[in-house]
Amino acid sequence: EAAVAWEPNKPLVIEDVQVAPPQAGEVRVKILFTALCHTDAYTWSGKDPEGLFPCILGHEAAGGHRIVESVGEGVTEVQPGDHVIPCYQAECKECKFCKSGKTNLCGKVRSATGVGVMMNDRKSRFSVNGKPIYHFMGTSTFSQYTVVHDVSVAKIDPIAPLNKVCLLGCGVPTGLGAVWNTAKVEAGSIVAIFGLGTVGLAVAEGAKAAGASRIIAKNFGVTEFVNPKDHEKPIQQVLVDLTDGGVDYSFECIGNVSVMRAALECCHKGWGTSVIVGVAASGQEISTRPFQLVTGRVWKGTAFGGFKSRSQVPWLVEKYLKKEIKVDEYITHNLTLAEINRAFDLMHEGGCLRCVLDCQV
């Protein structure tokens, strides 16, 4: 069974889907638990220029028991029975990007995953009554079984609870890594966070762990909260006034281009760094006065928090098992795959951080 998005903005439909065997360099995974992320909703809305229909969405999941169900020719790093987290950010360890040591972006399978197919034959492994169904982000986890490239699965400790660590496939690492890898926040820093969903709260947790002295947002280690609606001045000016010239680091975790500008402009002259984490809608552009950058501010972006998926997701799982990072606290709801439309309603109502779906009930 899988939740199929037949067309934009129409309810997902639970269908009996045929999932073909894995070909060379592919892995078929039994998905036990998957969580919902705003990126899924963005594509489902029809606003994503890369969105393809019909498709199986989902990219934050984990598989267990006989998780890796079968592997294709040439697959050596995982075998049937392994516990894995599918990763939308691949890591082949061989391409120009992977070898550079400068980025976690990988170029090996992007040309296929970006158009909803597998690299081997440029075809889908999903079908309903013979009709092909596109893949999504190289993962398609809103399904009881999925097929992914072997460069897109991270093998993890089998004792990790899969209904929790599925969150380490996207949101939590994105927030933590934005702080630790992209911004490299130092102890004593002043940090501002725009947007307090799962990613923004993970930024707060990462900033606290890094020793930030002031974290302006709310909850999860945050020291103070500012509501833009309480002020007549632009929020960037409010923060500059509040922090004697601006914050050391800011993080935009919404995907709103006007907020991205505010996040940059609340940074301190000479050294302030703003990291764009949120994904803006297609066609949106960012703007600021060039003088903001001439006078020493830095604008950066991050994908998956700069973490290398196959190498570092297992490390994040170990940190969770040692209680060095939070995961459970982000999970506010638990439903089943059959209840997926209700789960998206909860997300849009604003009372939900992460909803985890049991795919095998």
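Residues numbered from 1 in each chain as written. Predicted model: local features only at pLDDT ≥ 70, side-chain atom pairs only at ≥ 80, totals over all residues. Heavy atoms only, no water.

1. Points about the sheet that holds strand β10 (residues 131–133)
Heads up, the rule is: At least two bridges found by DSSP between two strands are what make those strands a pair. The helix count covers DSSP runs of H or I at least four residues long, the strand count covers runs of E at least two residues long, and both are numbered beginning at the N terminus.
Across the sheet, which stays open at both edges, the 3 strands sit in the order β3-β9-β10 with antiparallel pairing between neighbours. A single partner strand is all that each edge strand has here, and the edge strands are β3 (18–19) and β10.

2. Some details on the packing of helix α5 (residues 171–183) against helix α6 (residues 198–209)
Quick reminder of the rule: To get an axis, fit a line to the C-alpha atoms, keeping to the stretch in contact for a helix; angles then go from 0 to 180 degrees between the N-to-C directions. Working definition: roughly parallel below 35 degrees, roughly antiparallel above 145 degrees, roughly perpendicular at 65 to 115 degrees, and oblique for all remaining angles. Left-handed is the label given to a crossing in which the near helix is rotated counterclockwise from the far helix by less than a right angle, and right-handed is the label when the rotation is clockwise. Contacts are residue-level and defined by heavy atoms, with any inter-residue pair within 4.5 Å sufficient. Three residue categories are used. Nonpolar comprises Ala, Val, Leu, Ile, Met, Phe, Trp, Tyr, Cys and Pro, charged comprises Asp, Glu, Lys and Arg, and polar comprises the others, including Gly.
Between α5 and α6, whose axes approach to 7 Å, the crossing angle comes to 40°. The pairing of α5 with α6 is recorded here as oblique in orientation. Relative to α6, the crossing made by α5 is right-handed. Along its contact with α5, which presents Gly171, Val172, Thr174, Gly175, Leu176, Val179 and Trp180, the element α6 presents Thr198, Val199, Ala202, Val203, Glu205, Gly206, Ala207 and Ala209. A per-class count over the contact of α5 with α6 returns 9 nonpolar, 5 polar and 1 charged.

3. Some thoughts on the packing of aromatic side chains
Our working definition: Each pair of aromatic rings taken from Phe, Tyr and Trp, with Trp reduced to its six-membered ring, is defined by centres within 6.5 Å and is described as stacked if the planes are under 30 degrees apart, edge-to-face if over 60, and tilted in the remaining cases. Any residue under 20% of the maximum accessible area for its type is buried, any over 50% is exposed, and the rest in between are partly exposed; the area is computed with a 1.4 Å probe on protein chains only.
Overall, the coordinates contain 4 aromatic pairs when judged by the stated rule. Pairing Phe307 with Trp315 gives two aromatic rings, centres 6.2 Å apart and planes at 50°, and the pair type is tilted. Phe307 gets classed as buried once you look at its relative accessible area, which sits at 1%. Put simply, the rings of Trp44, Phe142 and Phe344 pair up and form one aromatic cluster.

4. Considerations on the environment of Thr139
Along the chain, Thr139 turns up in the loop between β10 and β11 (145–149). With 61 residues separating them along the chain, Thr139 and Gly200 place their C-alpha atoms 23 Å apart. Beyond its immediate sequence surroundings of up to four residues, Thr139 is in contact with Gly58, His59, Pro86, Cys87, Tyr88, Thr146 and Val148.

5. Some points on helix α7 (residues 235–242)
An α-helical turn contains 3.6 residues, so a residue and the one three or four places further along point in the same direction. Residues Ile235, Gln236, Val238, Leu239 and Val240 constitute the buried set of α7. Structurally, α7 contributes buried residues whose contacts are with β13 (190–194), β14 (214–216) and α8 (257–265). Immediately downstream of α7, the backbone of Asp244 shows phi near 55°, a positive value.

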